[in-house]
Amino acid sequence: MTRAFRDGVENKRKVRAPVRMRTWNPIRDLRGLKARTTVTGNQMGPLVDVPAMIRIENEHWVFERIEDGVLQNLTHRLIVHDSEGEKTLGATIDLKTAMQVAKRMATKENKIIMIKPL
């Protein structure tokens, strides 16, 4: 056994395996993923600017996901104007709630809130 390791393998018994150079072409390789992403985006429809629902419980911020049913029931958007432009604060399910929020923001924070129907 030691002689085999010392002498090596005969040339005619060696296994020949050519090294294959792989070229990676990201544009070609990712074309299918880009096409699927575009189709999925088109099926989803246009983007809607609705911020996450946030509650404050026991001095902690709680972020909630918005369900589709809730999104369909929203009727009014609350917008505040800053030096940077318009900023959506949230959306409400009726005009009465929108008016209450706008009044509170006006009295407590001295900000004027625009109520815009969806």
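Calculation criteria
- Residues numbered from 1 in each chain as written.
- Predicted model: local features only at pLDDT ≥ 70, side-chain atom pairs only at ≥ 80, totals over all residues.
- Heavy atoms only, no water.
- Helix = DSSP H or I, 4+ residues; strand = E, 2+ residues; numbered from the N terminus.
- Buried < 20%, exposed > 50% of the residue type's maximum accessible area, 1.4 Å probe, protein only.
- Contact = heavy atoms within 4.5 Å.
- Areas by Shrake-Rupley, 256 points an atom, 1.4 Å probe, with all protein chains shown as cover.
- Pairing = 2+ DSSP bridges.
- Axes fitted to C-alpha atoms, helices over the stretch in contact; angles between N-to-C directions.
- Core = buried A, V, L, I, M, F, W, Y, C linked by side-chain atoms within 4.5 Å.
- Patch = residues over 30% accessible without salt bridge, like charges linked within 9 Å, V, L, I, M, F, W, Y side chains within 5 Å.
- Salt bridge = Lys/Arg side-chain N within 4 Å of Asp/Glu carboxyl O.
- pLDDT = per-residue confidence, 0-100.

*Asks:* I'm lost on the overall build of the chain in this one. Help?
*Replies:* Helix and strand content of the chain: five helices and five strands. Each helix and strand of the chain, placed in order from N terminus to C terminus, yields the pattern α-α-α-β-β-α-β-β-α-β. A total of 118 residues make up the chain; the buried ones form 11% of that total. The contacts of the chain with a sequence gap of at least 6 include a subset with a gap of at least 24, amounting to 38%. Carbon and sulfur atoms form 55% of the exposed surface of the chain, whose accessible area is close to 11,300 Å².

*Asks:* I would appreciate a short explanation of the sheet that holds strand 3 (residues 76-82) in the present structure.
*Replies:* Sheet strands line up and pair through hydrogen bonds in the backbone, either parallel or antiparallel. Pairing in this open sheet of three strands is antiparallel, and the strands run 4-3-5 from one edge to the other. Each edge of the open sheet carries a strand with a single partner, namely strand 4 (85-92) and strand 5 (113-117). Strand-to-strand twist across the sheet, computed as the mean angle between neighbouring axes with direction ignored, equals 30 degrees. Taken together, the seven bridges between strand 3 and strand 4 define a ladder with antiparallel strand orientation. Residue pairing for strand 4: histidine 81 is matched across the bridge by glutamate 86. Sitting on the sheet, helix 5 (residues 95-109) is in contact with strand 3, strand 4 and strand 5, with an inclination near 165 degrees to strand 5.

*Asks:* Could you clarify how one ought to interpret the nonpolar core in this entry?
*Replies:* Soluble, globular proteins show a tendency: their nonpolar side chains are buried together. In this structure, Leu78, Val80, Ala98, Ala102, Met105 and Ile113 together form the largest nonpolar core, which totals six residues. Contributions of two or more residues to this core are made by strand 3 and helix 5. Here this core takes three residues from helix 5, the largest share from any one element. Dropping the residues within four chain positions of it, alanine 102 is found in contact with Ile113 and Ile115.

*Asks:* Before we go on, may I ask you to explain a nonpolar patch on the surface in this structure?
*Replies:* Judged by side-chain polarity, Ile54, Ile56, Trp61 and Phe63 come together as a nonpolar surface patch covering roughly 500 Å² of accessible area. When contributions to the nonpolar patch are tallied by element, the ones reaching two or more residues are strand 1 (53-57) and strand 2 (60-64). Summarising the element assignment, tryptophan 61 is placed in strand 2. According to the relative accessible area criterion, tryptophan 61 is exposed, its value standing at 57%.

*Asks:* What is the right way to look at the confidence of the model for the chain in this model?
*Replies:* For the chain, the mean per-residue pLDDT works out to 79, and 86% of the residues sit at or above 70. Within the chain, helix 1 (residues 2-7) has the poorest average pLDDT of any element, 61, and strand 5 the best, 88.

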